Amino acid sequence: MRLLLLLLTMLQDGTIDFPEPPAPSPVVVDDTQPQPSVDTFATDQLYLIQSDIALVILASPAGVLQVTPTKQGAVIFSRFAGGKGLEERAVTRANGYVVRGLAAGTAELLILPAGSADLTDLRRRILNVTAAETTPPDGRPQPPADDVAAAFRAYEKSWRAAQGELADRLESGEITSEKAAADWFSVAGQEARKQAFLPLLRAESVVFGGEGWTAEKHARYVRRYADGQRGKSAQAQ
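Owing to the predicted nature of the structure, the values given are computational and were not obtained by experimental measurement. Per chain, residue numbering runs from 1 following the sequence as it is written. Local features are withheld for residues below a pLDDT of 70 in this predicted model, meaning they are given only at 70 or higher, and side-chain atom pairs are given and counted only at 80 or more; totals for whole chains, interfaces and linings count all residues. Only hydrogens and water are set aside; all other atoms, that is, all heavy atoms of the structure, feed into the side-chain values.

1. Notes on the environment of Arg160
Okay, so step 1: Topologically, Arg160 is positioned in helix α2 (residues 147-172).
Okay, so step 2: Overall, Arg160 belongs to the exposed group, its relative accessible area being 53%.
Okay, so step 3: Sequence separation between Arg160 and Gly189 is 29 residues, and the spatial gap between their C-alpha atoms is 9.7 Å. Numbering of helices and strands runs from the N terminus; a helix is a DSSP stretch of H or I covering at least four residues, while a strand is a stretch of E covering at least two. For every residue, the accessible area obtained with a 1.4 Å probe (protein chains only) is divided by the maximum for its type, and the residue is called buried under 20%, exposed over 50%, and partly exposed between those limits.

2. Observations concerning the sheet that holds strand β8 (residues 95-101)
Okay, so step 1: Judged by pairing direction, the sheet is antiparallel, and its four strands sit side by side in the order β1-β3-β8-β5 without closing on themselves. Of all strands in the sheet, those bounded by a partner on one side alone are β1 (16-17) and β5 (65-71).
Okay, so step 2: Think of it this way: DSSP has to see at least two bridges between two strands before they count as a pair. Where β1 meets strand β3 (residues 46-51), two bridges bridge the pair, whose relative direction is antiparallel. Looking across to β3, one finds that Asp17 is bridged to Gln50.
Okay, so step 3: Here, residues are in contact when the closest pair of their heavy atoms is within 4.5 Å. Every axis in this analysis is a line fitted to C-alpha atoms, fitted for helices over the stretch in contact. Angles between the N-to-C directions lie between 0 and 180 degrees. Lying on the sheet, helix α3 (residues 178-208) is in contact with β3, β5 and β8; it crosses β8 at an angle near 70°.

3. Concerning the packing of aromatic side chains
Think of a pair of aromatic rings as described by two things: how far the centres are apart, and how the planes are tilted against each other in angle.
Okay, so step 1: Aromatic rings from Phe, Tyr and Trp, taking only the six-membered ring of Trp, are treated as a pair when their centres fall within 6.5 Å; an angle between ring planes under 30 degrees marks them as stacked, one over 60 as edge-to-face, and anything in between as tilted. A complete count under the given rule lists six aromatic pairs for this structure.
Okay, so step 2: On the basis of an interplanar angle of 85° and a centroid distance of 5.0 Å, the ring pair of Phe152 and Phe197 is categorised as edge-to-face. With Phe152 in helix α2 and Phe197 in helix α3, the pair connects residues that are 45 residues apart, well separated along the chain.
Okay, so step 3: An angle of 55° between the planes, with centres 6.1 Å apart, marks the rings of Tyr155 and Phe197 as tilted. Of this pair, Tyr155 sits in helix α2 while Phe197 sits in helix α3; the two residues are 42 residues apart in sequence, bridging distant segments of the chain.
Okay, so step 4: Using a relative accessible area of 21% as the deciding quantity, one classes Tyr155 as partly exposed.

4. So, the nonpolar core
What tends to happen in soluble globular proteins is that the nonpolar side chains get buried as a cluster.
Okay, so step 1: Residues belong to one nonpolar core when they are buried, are Ala, Val, Leu, Ile, Met, Phe, Trp, Tyr or Cys, and are joined through side-chain atoms within 4.5 Å. Counting residues in hydrophobic clusters, the biggest one holds 17 residues, and the most contacted among them are Phe41, Tyr47, Ile49, Leu65, Val99, Leu109 and Ile111.
Okay, so step 2: For this core, the elements supplying multiple residues, two or more each, are β3, β4 (55-60), β8, β9 (105-113) and β10 (123-130).
Okay, so step 3: A total of three residues in this core trace back to one element, the largest contributor, which is β9.
Okay, so step 4: Core analysis: the second largest hydrophobic core is formed by nine residues, Leu86, Ala181, Trp184 and Phe185 among them.

5. Points about the pattern of salt bridges
Okay, so step 1: Definition used for salt bridges: Asp or Glu carboxyl oxygen within 4 Å of a side-chain nitrogen of Lys or Arg. Summed over all chains, the structure comprises 12 salt bridges.
Okay, so step 2: What you see here is one network of salt bridges that share partners, running through Glu88, Glu165, Arg169 and Glu174.

6. Remarks on the confidence of the model for the chain
Note: predicted coordinates in regions of low pLDDT should not be interpreted at a detailed level.
Okay, so step 1: The quantity known as pLDDT measures the predictor's confidence residue by residue, on a range of 0 to 100. Averaged over every residue, the pLDDT of the chain is 79; the share at 70 or more is 76%.
Okay, so step 2: For the chain, per-element mean pLDDT is lowest for helix α5 (residues 231-235), which scores 42, and highest for β3, which scores 94.
Okay, so step 3: Counting interchain partners and residues more than four positions distant, the pLDDT-below-50 stretch residues 3-13 has 24 contacts.
Okay, so step 4: The low-confidence segment residues 27-31, where pLDDT is below 50, has two contacts with residues more than four positions distant or belonging to other chains.

7. Some thoughts on unusual backbone geometry
Okay, so step 1: A cis geometry characterises the amide bond from Ser60 onward to Pro61, with omega recorded as 0°.
Okay, so step 2: Locating Pro61 in the fold gives a position in the loop between β4 and β5.

8. What about the packing of α2 against α3?
Okay, so step 1: Close contact between α2 and α3 brings their axes to 9 Å; oriented N to C, the two are set at 160°. Overall, the two elements α2 and α3 adopt an arrangement that is roughly antiparallel. The interaxial crossing formed by α2 with α3 has right-handed handedness. Roughly parallel means an angle under 35 degrees; roughly antiparallel, over 145; roughly perpendicular, 65 to 115; everything else is oblique. Note: crossing handedness is left-handed where the near helix turns anticlockwise from the far helix by less than a right angle, and right-handed where it turns clockwise.

9. Re the environment of Ile49
Okay, so step 1: Considering the arrangement of structural elements, one finds Ile49 in strand β3.
Okay, so step 2: For Ile49, a relative accessible area of 0% translates into the label buried.
Okay, so step 3: In the structure, Ile49 is positioned 49 residues away from Val98 in sequence and 6.5 Å away in space, judged by C-alpha atoms.

10. So, α2
An α-helical turn contains 3.6 residues, so a residue and the one three or four places further along point in the same direction.
Okay, so step 1: Over its 26 residues, α2 runs 37 Å from end to end, which matches the ideal 38 Å to within 8%, given 1.5 Å per residue.
Okay, so step 2: Regarding α2, the residues found buried are Val148, Ala149, Ala150, Ala151, Ala154, Ser158, Ala162, Leu166 and Arg169.
Okay, so step 3: Among the residues trailing α2, Gly173 stands out with phi positive, at a value near 90°. The span you would expect from a helix comes to 1.5 Å times its residue count less one.

This is the structure:
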């Protein structure tokens with residue numbers, strides 16, 4: 001218990017790049033000890049961390065965040081925390097870590113340099129994951145009815161944005177053939193589908209996947225897709 005408290009109270013600057021938040025950081029109420037930064041992003045966005053050194057990144061609790069390592073030179077086409085719309089971002093540091101929101105909720109990242117035994121190297125980051133919003137004709141964002149609706153709406157939003165990006169590339173002369181246009185949109189469409197529906201698949205894996213799988217758990221969970229229930233209500237049954 002003492003070791004955990006020590007881990008959670010130590011923080012110092014280092015060579016790690018976090019996404020720039022779209023708004024100023026919240027005011028720290030208790031300034032007697034270091035506080036973790038808090039960032040917010042949606043399930044249809046990625047949170048990209050870059051570092052000159054290899055890192056060990058743990059997320060707690062399970063089921064809210066997924067961390068995937070990548071390397072320098074990787075180019076990712078998606079929506080990003082702190083960004084606007086679909087865009088390409090390159091990993092420019094030696095190590096990149098793509099954080100996805102699997103479900104709406106709050107989780108904390110505990111970050112240490114790989115192989116480090118120095119607890120003063122610990123970094124903390126609290127991430128608030130929100131459901132992807134849609135904007136109706138009246139301009140007021142409305143939350144989706146459930147996580148299935150959120151996935152389909154996120155896919156529609158990304159699909160439309162990718163079509164706009166394709167039009168821009170055609171008009172600028174970057175894409176000059178039907179085949180090149182089809183190839184580009186095939187990649188963009190596949191990424192849009194993956195980003196939209198991966199949270200559903202990951203949530204299923206957490207709830208009933210692996211060694212704990214049973215037909216009853218599986219059936220009860222996917223039954224809610226037909227009933228239009230939210231993930232939390234289904235898990236509570």
